[in-house]
Amino acid sequence: MAKADFANSFGCDIATLSDSCLKLITEYDWHYRPLTPAESEQMDRSIRREIAAGIFPPAGTPEAKSRWERVWTDSLSALRKGLLGSLSPLYLKPAVVLRFYQKFIEPVDPFFETHWHRVLLRGVYENYLRNGKTLYEFGCGSGHNLVYLASLDPSKTYWGLDWAASSVKICQTLGTQGWNIRGRYFDLFTPDLCFELE
């Protein structure tokens, strides 16, 4: 993966990427092996079987909300014990195979996705969000994105909005721990149309 690939992901020209974002890109190994057609077909069949088996409930269902409440409650408990790293969501985990640019790949670095997410967040922040005074994340989950952004610029106010009460409590707890982060209930499936941004 080249620096131009990241610029393309951010919807900008490579010349507009900041020095700090370009430096971050150089800190990780972006090599990967595309899966063969046979390997890709086998992976595709495996994923389709899991979807057909109902392992992943559709978004917006009570089952999905219940699952997120459990996950974020665990993160909240760990955060209250001082474990800030517990906010890294389970779906950003070491991976053997990933879906990337509409193909299956096998990255050299098992933390490829985590590192790519970090670079993406940095690039989006520096190209689109830097001048805002208040930033909102709708569907903030564990608040890990907000913590990273607040570490880049603690002068802004950050709002985490989510339909899971445990997620809102995570953001509120972060606010009591010195982060300029606040939490509020917001359901994207039945949104409060009177909600106003600061």
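Residues numbered from 1 in each chain as written. Predicted model: local features only at pLDDT ≥ 70, side-chain atom pairs only at ≥ 80, totals over all residues. Heavy atoms only, no water.

Student: Mind showing me how you'd approach the packing of helix α4 (residues 62–80) against helix α7 (residues 165–176) here?
Tutor: At their nearest, the axes of α4 and α7 sit 7 Å apart, and the two run at 20° to each other. Relative to α7, α4 is oriented roughly parallel. When you trace α4 past α7, the crossing you get is left-handed. Contacts from W68, E69, W72, T73, S75, L76, L79 and R80 in α4 reach A165, S166, S167, K169, I170, T173 and L174 in α7. In terms of residue class, the contact of α4 with α7 is made up of seven nonpolar, five polar and three charged. (Axes fitted to C-alpha atoms, helices over the stretch in contact; angles between N-to-C directions. Helix = DSSP H or I, 4+ residues; strand = E, 2+ residues; numbered from the N terminus. Parallel < 35°, antiparallel > 145°, perpendicular 65-115°, else oblique. Left-handed = near helix turned anticlockwise from the far one by under 90°. Contact = heavy atoms within 4.5 Å. Nonpolar A, V, L, I, M, F, W, Y, C, P; charged D, E, K, R; others polar.)

Student: Looking at this structure, how should I read the packing of helix α5 (residues 112–129) against helix α6 (residues 144–152)?
Tutor: Where α5 contacts α6, the two axes come as close as 11 Å, and the packing angle between them is 55°. Classified by the interaxial angle, the pair formed by α5 and α6 is oblique. Taken as a pair, α5 and α6 cross one another with a handedness that is right-handed. Together, H117, R118, L121, R122 and Y125 of α5 and H144, N145, Y148, L149 and L152 of α6 make up the contact between the two elements. Looking at side-chain class alone, the contact of α5 with α6 contains five nonpolar, three polar and two charged residues.

Student: I'm lost on the nonpolar core in this one. Help?
Tutor: In globular proteins that are soluble, nonpolar side chains generally tend to be buried together. Counting 38 residues, the largest nonpolar core has V119 and I181 as its most contacted members. If you list the elements that add at least two residues to this core, you get α1 (3–10), α2 (19–26), α4, β2 (98–100), α5, α6 and α7. When residues no more than four places from it in sequence are discounted, the contact partners of I181 are L146, V147, A150, Y158, C171, L174 and G175. (Core = buried A, V, L, I, M, F, W, Y, C linked by side-chain atoms within 4.5 Å. Buried < 20%, exposed > 50% of the residue type's maximum accessible area, 1.4 Å probe, protein only.)

Student: What is the right way to look at the pattern of salt bridges in this model?
Tutor: Any two side chains of opposite charge can pair, on the condition that their charged atoms come close. As enumerated under the stated definition, the model contains 10 salt bridges in all. Between R33 and E39 there is a salt bridge whose closest N-O contact spans 3.0 Å. Two residues, E126 and R130, come together in a salt bridge whose shortest N-O distance is 3.8 Å. Here R130 falls in the partly exposed class, since its relative accessible area comes to 40%. In this structure, a network of salt bridges that share partners links the residues R33, E39 and E106. (Salt bridge = Lys/Arg side-chain N within 4 Å of Asp/Glu carboxyl O.)

Student: Help me understand the pairing of strand β6 (residues 181–185) in this model?
Tutor: Strand residues, when the strand is regular, have side chains that alternate between the two faces of the sheet. Examined bridge by bridge, strand β5 (residues 157–162) and β6 share five bridges and lie parallel to one another. Across the sheet, G160 pairs through a bridge with G183, a residue of β6. As for the winding sense of the linkage, the β-α-β connection from β5 through α7 to β6 is right-handed. (Pairing = 2+ DSSP bridges. Right-handed = clockwise from strand over helix to strand, strands pointing away.)

Student: Whenever I open this one, a nonpolar patch on the surface confuses me. Can you help?
Tutor: On the surface, I47, I51, I55 and F56 cluster together into a nonpolar patch covering about 390 Å² of accessible area. Take I47: it is sitting in helix α3 (residues 37–52). Take I47: its relative accessible area is 35%, and that puts it in the partly exposed class. (Patch = residues over 30% accessible without salt bridge, like charges linked within 9 Å, V, L, I, M, F, W, Y side chains within 5 Å. Areas by Shrake-Rupley, 256 points an atom, 1.4 Å probe, with all protein chains shown as cover.)

Student: For this particular structure, what's the right way to read the sheet that holds strand β4 (residues 134–138)?
Tutor: The strands making up a sheet associate through hydrogen bonds between their backbones, and the pairing can be parallel or antiparallel. With parallel pairing, the three strands of this open sheet are ordered in space as β4-β5-β6. Single-partner strands in this sheet number two, and they are β4 and β6. The mean inter-strand angle of the sheet, taken between neighbouring strand axes irrespective of direction, is 20°. Two elements, β4 and β5, share five bridges in a ladder whose sense is parallel. Across the sheet, the residue bridging to F138 is L161, located in β5. Sheet strands touched by α6: β4, β5 and β6. Its angle to β5, the strand with the most contacts, is close to 175°. Across the sheet, α7 lies against β5 and β6, angled at about 155° from β6, the strand it touches most.

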